[in-house]
Amino acid sequence: MIVKESKQPMHRIYAVRKGDKGTSYWAEIGAAWANRDGKGLNLKFNLMPVGDADIVIREIESETDAANEGGAR
């Protein structure tokens, strides 16, 4: 169960595409917040990937990350 409730997103959402020679390209495409009841996440997408991509949701590690805009990894 997720218990943290905040106006700041808890997680970032990335589209990960496999490139040549085993490299991966991470593009930030949205964010996730805990539901009020703590039983799930609300997802907000800034854009949707086109083509073959894995969707990865990662916890935001610091307040600096939460304030950071943009985000290829």
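Before reading on, note that the structure itself is shown above.
1. Side note on the pairing of strand β2 (residues 24–34)
In this structure, strand β1 (residues 11–18) lies alongside β2, joined through 8 bridges in antiparallel fashion. Along β2, the bridge assignment pairs Ile-13 with Gly-30. With antiparallel pairing between neighbouring strands as the criterion, β1 and β2 make up a hairpin whose turn holds 5 residues, including Lys-21 at a positive phi of roughly 60 degrees. Two elements, β2 and strand β3 (residues 41–45), share 5 bridges in a ladder whose sense is antiparallel. By the bridge assignment, Ala-34 is partnered in β3 with Leu-41. What sits between β2 and β3 in their antiparallel hairpin is a turn of 6 residues, with Gly-38 showing a positive phi close to 75 degrees.

2. Here's the deal with the pattern of salt bridges
In a structure, side chains of opposite charge can pair up when their charged atoms sit close to one another. This structure, assessed with the given rule, holds 2 salt bridges. Of the charged contacts in the structure, one is a salt bridge between Arg-12 and Glu-28, with a shortest N-O distance of 3.0 Å. Of this pair, Arg-12 sits in strand β1 while Glu-28 sits in strand β2, and the two are 16 residues apart along the sequence. Classification of Arg-12 as buried rests on a relative accessible area of 9%. Residue Lys-18 pairs with Asp-54 through a salt bridge whose shortest N-O separation is 3.6 Å. With Lys-18 in strand β1 and Asp-54 in strand β4 (residues 54–59), this residue pair connects regions lying 36 residues apart in the sequence. The exposed category is assigned to Lys-18, whose relative accessible area is 65%.

3. A word on the environment of Pro-9
Its place among the elements puts Pro-9 in the segment before β1. Taking the relative accessible area as the measure of exposure, Pro-9 reaches 15% and is therefore buried. Sequence separation between Pro-9 and Trp-33 is 24 residues, and the spatial gap between their C-alpha atoms is 4.9 Å. In this structure, Pro-9 is in contact with Ala-31, Ala-32, Trp-33 and Ile-60, ignoring residues within four places of it in sequence.

4. Let's talk about the sheet that holds β2
With antiparallel pairing, the 4 strands of this open sheet are ordered in space as β3-β2-β1-β4. In the strand order of this sheet, the two ends are held by β3 and β4, each with one partner. Pairs of neighbouring strands in the sheet enclose a mean axial angle of 35 degrees, with direction left out of account. Where β1 meets β4, 6 bridges bridge the pair, whose relative direction is antiparallel. Across the sheet, Ile-13 pairs through a bridge with Ile-57, a residue of β4.

What counts and how
- Residues numbered from 1 in each chain as written.
- Predicted model: local features only at pLDDT ≥ 70, side-chain atom pairs only at ≥ 80, totals over all residues.
- Heavy atoms only, no water.
- Pairing = 2+ DSSP bridges.
- Helix = DSSP H or I, 4+ residues; strand = E, 2+ residues; numbered from the N terminus.
- Salt bridge = Lys/Arg side-chain N within 4 Å of Asp/Glu carboxyl O.
- Buried < 20%, exposed > 50% of the residue type's maximum accessible area, 1.4 Å probe, protein only.
- Contact = heavy atoms within 4.5 Å.
- Axes fitted to C-alpha atoms, helices over the stretch in contact; angles between N-to-C directions.

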